[in-house]
Amino acid sequence: MGKALDGVRILDFTHVQSGPTCTQLLAWFGADCIKVERPGAGDVTRGQLRDVPNADSLYFTMLNHNKRSITIDAKHAQGKELLEGLVKACDVLVENFGPGVLDRMGFTWERLQQLNPRLIYASVKGFGPGPYEDCKVYENVAQCTGGSASTTGFRDGPPLVTGAQIGDSGTGLHLALGIVTALYQRTVTGKGQRVQAAMQDGVLNLCRVKLRDQQRLAHGPLKEFSQYGEGVAFGDATPRAGNDSGGGQPGWILKCKGWETDPNAYIYFITQAPVWAEICKVIGKEEWITHPDYAKPDARLPRLKHIFDTIEQWTMTKTKFEAMDILNKDDIPCGPILSMKELAEEPSLRETGTIVEVDHPTRGKYLTVGNPIKLSDSPTDVLRSPLLGEHTEEILRQVLRYDDKKVAEIKASGAIGGGKPTAAAE
Ligand code: CAO
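Here we summarise the structure given alongside this text. (Residues numbered from 1 in each chain as written. Predicted model: local features only at pLDDT ≥ 70, side-chain atom pairs only at ≥ 80, totals over all residues. Heavy atoms only, no water.)

Contacts to the ligand come from 24 residues, most closely from Lys75, Gly98, Lys136, Val137 and Asp168. Contact distances for the ligand include 2.9 Å between an oxygen atom and a side-chain N or O atom of Arg38. In the model, an oxygen atom of the ligand is placed 2.8 Å from a nitrogen or oxygen of the Lys75 side chain. When its residues are assigned to classes, the shell around the ligand shows 10 nonpolar, 6 polar and 8 charged. (Near = heavy atom within 4 Å. Polar contact = N/O pair within 3.5 Å; in protein donor to acceptor, adjacent residues only side chain to side chain. Nonpolar A, V, L, I, M, F, W, Y, C, P; charged D, E, K, R; others polar.)

Next comes the structure, spelled out in structure tokens:
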């Protein structure tokens, strides 16, 4: 079966996480993704957080499947010439260098348009235009500057970053959507365009409910926050919500059987209004079904802590999976806290390709996430990440149509660092 992006060629000038997330997705959808790396070193993540000596790290492999790797010294005159050839041969250039890096290499947007007017030029930066546009940014900086950290954690604790990589992978996702949208518009206009996704903007987009709450504060306390029921006054900014659901149906994380020794023996429990009677029956509080303090959602809001403490007395008598089974029979929304170990071992996620096992020539078998977006007519086959420079010669010959003489000339120039697959440098 063909792939949705068959025929689309990407010049992948990305590194670390945000950009590679984007190009890996496009590669999973069938784009030919040519990753340009610095000779002898490559993407810095090849050597970061290594678990197997002299093998590409999981950090790198899990973000660079289905790509080809070419090594080019972008600061070398002949390296620039190669890059110009690739710009002409590609549909999309994706990069997430620090601000101004690509311009310093000589590839301004104006120059790129001269080289290839159909090129889509897509970038991730930490910030959009404004006071911080020249700043370098990593994941947690984006979480802090995009509104996530100030609204995550407990009221009496410091701001908290989350394990979900909303700054890097989140912005990579935003950028991928921008790219396919620009490709679609190009089918009508015949022209490329710039696509920019700032990590601060991406995080804020994902935190929009917190901006909603910021504005609701002007009209009174946020009654669905447990601090309301606890009589704690609100300040002038959206507070940290602990495990409050943040939506119209209150929820909280509750202990389950074994919580004393298992850090993940918990369940997320939502007191959804339509199933309130079922909740009361399950926990043995049938009197709450009609009691004026509990019968209606508004009456429950000031009592959320007491309600969840009471439900927890029941959840603590069940394992998280037993509780899930019982509650689901009554359509009560809930979810066990699943550890990475449990997810890695979950057979249904293997069956759907959400988690896949990949074999790699230098590191052996490992687990990775597959494509979370499933297309019925464009299945994803997860292929191992390339070794550094593994496809350098192949790309010179196949994409740039260089003959033996030209390849030898380029090799001798030092612009591609020898062109032989190498283990990544530390
Ligand atoms: N050949 C020659 N030089 C190369 C090269 C190649 N193939 N590839 C990269 N380089 C050079 C660049 O030219 C640049 O050199 P100059 O600074 O002299 O122009 C340098 O390597 C890379 O610069 P950088 O600023 O991108 O890299 P860094 O490690 O200093 O910073 C990061 C990393 C992520 C903070 C920065 O790239 C950034 O802010 N990116 C945008 C935001 C982003 O995506 N952040 C998320 C990263 S994932 O957590």
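Still more ground to cover, so stick around.
Moving on to helix H14 (residues 320-329). Three or four residues apart is the spacing at which side chains of an α-helix point the same way, because the helix has 3.6 residues per turn. Along H14, the residues classified as buried are Lys320, Ala323 and Leu327. What you see down the axis of H14 is that its buried residues fit within an arc of 60°, all on one side. Within H14, the exposed residues directed more than 90 degrees away from the buried face are Asp325 and Lys329. Buried residues in H14 make contact with strand S8 (266-270), helix H11 (276-282), helix H13 (304-315), strand S9 (334-336) and helix H15 (340-344). (Buried < 20%, exposed > 50% of the residue type's maximum accessible area, 1.4 Å probe, protein only. Helix = DSSP H or I, 4+ residues; strand = E, 2+ residues; numbered from the N terminus. Arc of directions from axis to C-beta. Contact = heavy atoms within 4.5 Å.)

Time to look at the packing of aromatic side chains. Overall, the coordinates contain 7 aromatic pairs when judged by the stated rule. Geometrically, the ring pair formed by Phe13 and Phe97 is edge-to-face, given 5.1 Å between the ring centres and 65° between the ring planes. Of the two residues, Phe13 is situated in strand S1 (residues 9-13) and Phe97 in the loop between strand S4 (92-95) and helix H4 (101-104); the sequence distance between them amounts to 84 residues. As far as burial versus exposure is concerned, Phe13 and Phe97 are alike and both buried. Ring geometry for Phe154 against Trp252: centres 6.4 Å apart, planes inclined by 65°, an arrangement best described as edge-to-face. Of this pair, Phe154 sits in the loop between helix H6 (139-145) and helix H7 (168-189) while Trp252 is found in strand S7 (residues 251-255), placing the two residues 98 residues apart along the sequence. Linked through ring pairs, Trp276, Trp288 and Tyr294 together constitute an aromatic cluster. Here Lys255 stacks its cationic end above the ring of Trp259, 4.1 Å away from the centre of that ring. (Phe/Tyr/Trp six-rings, centres within 6.5 Å; stacked < 30°, edge-to-face > 60°. Lys NZ or Arg CZ within 6 Å of the ring centre and 35° of its normal.)

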